[in-house]
Amino acid sequence: MKIAFSPCPNDTFIFHAWVHGLIPGAPELDVRYADIDITNGLAANPGGPDVLKISYAALPYVLNEYALLPSGGALGRGCGPLVLTANGTTDPAYLSGRRVAVPSERSTAYLLFRLWAAQNVPGGVGEIVVMPFDQIMPAVRDGKIDAGLVIHEARFTYQNYNLKLMTDLGSWWESDTGLPIPLGAIIARRNLDAHALAGWARASVEYAWAHPDESKEYVLAHAQEMDPDVAAQHIDLYVNEFSAHLGDDGYGAITALLGRAMKEGLVPEFDLNLLRI
């Protein structure tokens, strides 16, 4: 079975057991490791993988072909995308007409940014530049970009680039809605047994929690030279109860985000009932 997910510690931690044949009955996986912008594109390709991790913001574009699995993804609190600058300003008006780097045009981070900017940036931002998430902070530091929208472990490392926090979009979303942030979704082709796949994904999460040391070598091998302590922080933040199962709060958060995005015309219209298998 072909699967695609990022090399980030939360994904490799979650799928370690399944990838290594430790989940009874689960099919063997042929893994492609790719940045979220690439996996979002793969999901829109007729020849895309059987299972993959995408941004929740990309979900409305592919729900006819793929089903959302309730296990294996990333939602949470205190783990939202950050808007960073080099000059330390906290005034959103600074972004008016300026160049902002984002990790993907169909990322949840960018969707949250657009919802926030519509309320807070007079006249809107200027040019949006898409670049791999690990290149954004150096670009802001070096003055190539006025501000950057960052995800993943950048939350723990942006100070190393002498960058300053303008706003935490996760805190904004949580204060605005009281809900967790839907970040990364696990999806599977609709001709597959979604319930069985969700069960194997959940079993892989639970195995990872029960045997945390077993996945360390695999996680760090794919973590792009990340410090082991940062990788551990990353896992603690992004692998949580919603990774095991979305539950009512998880589904509520996804419905709120994508429902608001539909209302604002930021994603295609779709039947919200398609979110559940």
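Residues numbered from 1 in each chain as written. Predicted model: local features only at pLDDT ≥ 70, side-chain atom pairs only at ≥ 80, totals over all residues. Heavy atoms only, no water.

A.B. asks: Which parts of the structure should I look at to understand the overall build of the chain?
C.D. replies: Across its full length, the chain carries 11 helices and 10 strands. For 277 residues, the compact-globule formula gives about 19 Å, and the C-alpha radius of gyration of the chain, at 18 Å, lands near that figure. A principal-axis box enclosing the C-alpha atoms of the chain has dimensions of 55 × 40 × 35 Å. The buried share among the 277 residues of the chain stands at 56%. Long-range pairs, those at least 24 residues apart, make up 81% of the contacts in the chain between residues at least 6 apart in sequence. (Helix = DSSP H or I, 4+ residues; strand = E, 2+ residues; numbered from the N terminus. Rg over C-alpha atoms; globule rule 2.2 N^0.38 Å. Buried < 20%, exposed > 50% of the residue type's maximum accessible area, 1.4 Å probe, protein only. Contact = heavy atoms within 4.5 Å.)

A.B. asks: I tried to follow the pattern of salt bridges on my own but got confused; where do I start?
C.D. replies: Side chains that differ in sign of charge can pair as their charged atoms come close. Applying the stated criterion to the full structure yields 6 salt bridges. Between E127 and R99 there is a salt bridge, with its nearest N and O atoms 2.9 Å apart. Here the residue E127 occupies a position in the loop between α3 (108-120) and β7 (128-130), and R99 occupies one in the loop between β5 (82-85) and β6 (100-102), the gap between them amounting to 28 residues. Residue classification places E127 among the partly exposed residues on the basis of a relative accessible area of 42%. In this structure, the salt-bridge partner of E206 is R202, at a minimum N-O distance of 3.2 Å. Taken together, the residues E206 and R202, both in helix α7 (residues 194-210) and 4 residues apart, mark about one turn of the helix. You can call E206 partly exposed: its relative accessible area is 39%. Taking relative accessible area as the criterion, R202 reaches 34% and is therefore assigned partly exposed. (Salt bridge = Lys/Arg side-chain N within 4 Å of Asp/Glu carboxyl O.)

A.B. asks: How should I be thinking about the side chain of T89 in this particular structure?
C.D. replies: Relative to the assigned elements, T89 resides in the loop between β5 and β6. Of the polar contacts made by the side chain of T89, one reaches the backbone nitrogen of D91; its length is 3.1 Å. If near-sequence neighbours (up to four positions away) are discounted, T89 is found in contact with Y94 and M166. (Polar contact = N/O pair within 3.5 Å; in protein donor to acceptor, adjacent residues only side chain to side chain.)

A.B. asks: Would you mind going over the sheet that holds β6 with me for this structure?
C.D. replies: For sheets, the rule is that strands pair by backbone hydrogen bonds, running either parallel or antiparallel. If you walk across this open sheet you meet the 5 strands as β7-β6-β8-β5-β9, and the pairing is mixed. Here the strands that pair on one side only, and so sit at the sheet edges, are β7 and β9 (164-168). The mean inter-strand angle of the sheet, taken between neighbouring strand axes irrespective of direction, is 25 degrees. As judged from the 3 bridges shared by β6 and β7, these two strands associate in the parallel manner. (Pairing = 2+ DSSP bridges. Axes fitted to C-alpha atoms, helices over the stretch in contact; angles between N-to-C directions.)

A.B. asks: I'm lost on the confidence of the model for the chain in this one. Help?
C.D. replies: Looking at the chain, pLDDT values average 92 and 100% of them are 70 or higher. Predicted confidence in the chain is weakest over helix α5 (residues 154-157), with a mean pLDDT of 80, and strongest over α7, with 98. (pLDDT = per-residue confidence, 0-100.)

A.B. asks: What should I look at first to understand the nonpolar core in this one?
C.D. replies: Grouped burial of nonpolar side chains is what soluble globular proteins tend to show. Counting residues in hydrophobic clusters, the biggest one holds 60 residues, and the most contacted among them are I54, L59, L68, L95, F113, W116 and I187. Not counting chain neighbours up to four residues away, the residues in contact with L59 comprise I54, L68, I187, L258 and L275. In this structure, F5, V51, L69 and I235 belong to the second largest nonpolar core, which totals 23 residues. (Core = buried A, V, L, I, M, F, W, Y, C linked by side-chain atoms within 4.5 Å.)

A.B. asks: Help me understand unusual backbone geometry in this model?
C.D. replies: With the exception of glycine, the majority of residues adopt a negative phi angle, and the majority of peptide bonds are in the trans configuration. We note that N162 has phi near 60 degrees; this positive angle belongs to a residue other than glycine. Its location among the elements puts N162 in the loop between α5 and β9. Relative accessible area serves as the criterion here: at 62%, N162 is assigned to the exposed category.

A.B. asks: Just checking my understanding: could you explain the pairing of strand β3 (residues 51-55) for this structure?
C.D. replies: Among the 5 residues of β3, 5 are classified as buried, and the element is accordingly described as predominantly covered. Direction of pairing for strand β1 (residues 2-5) relative to β3: parallel, over a ladder of 2 bridges. Within β3, the residue paired with A4 across the bridge is L52. Two strands pair when backbone bridges link them, and β3 and strand β10 (residues 181-189) are joined in this way by 5 bridges, in the antiparallel orientation.

A.B. asks: Is there a simple way to explain the environment of C8 in this structure?
C.D. replies: Within the fold, C8 resides in the loop between β1 and α1 (9-19). Remark: the alpha-carbon pair of C8 and Q224, spanning 216 residues in sequence, is separated by 8.3 Å. Among residues more than four places away in sequence, those in contact with C8 are F133, H152 and H234.

A.B. asks: Where do I start with the environment of A43 in this structure?
C.D. replies: Relative to the helices and strands, A43 is located in helix α2 (residues 36-43). Along the primary structure A43 and A231 are separated by 188 residues, whereas in three dimensions their C-alpha atoms are 27 Å apart. If near-sequence neighbours (up to four positions away) are discounted, A43 is found in contact with L52, I54, V62, Y66 and I187.

A.B. asks: What exactly am I supposed to notice about the sheet that holds β1 here?
C.D. replies: Taken in spatial order, the 5 strands line up as β2-β1-β3-β10-β4 in an open sheet, and their pairing is mixed. Both outer strands of the open sheet, β2 (30-33) and β4 (66-76), are each paired with one neighbouring strand and no more. Averaged over all neighbouring strand pairs, the angle between strand axes comes to 25 degrees, with direction disregarded. α2 rests against β1, β2, β3, β4 and β10 of the sheet, and its axis sits at about 120 degrees to β3.

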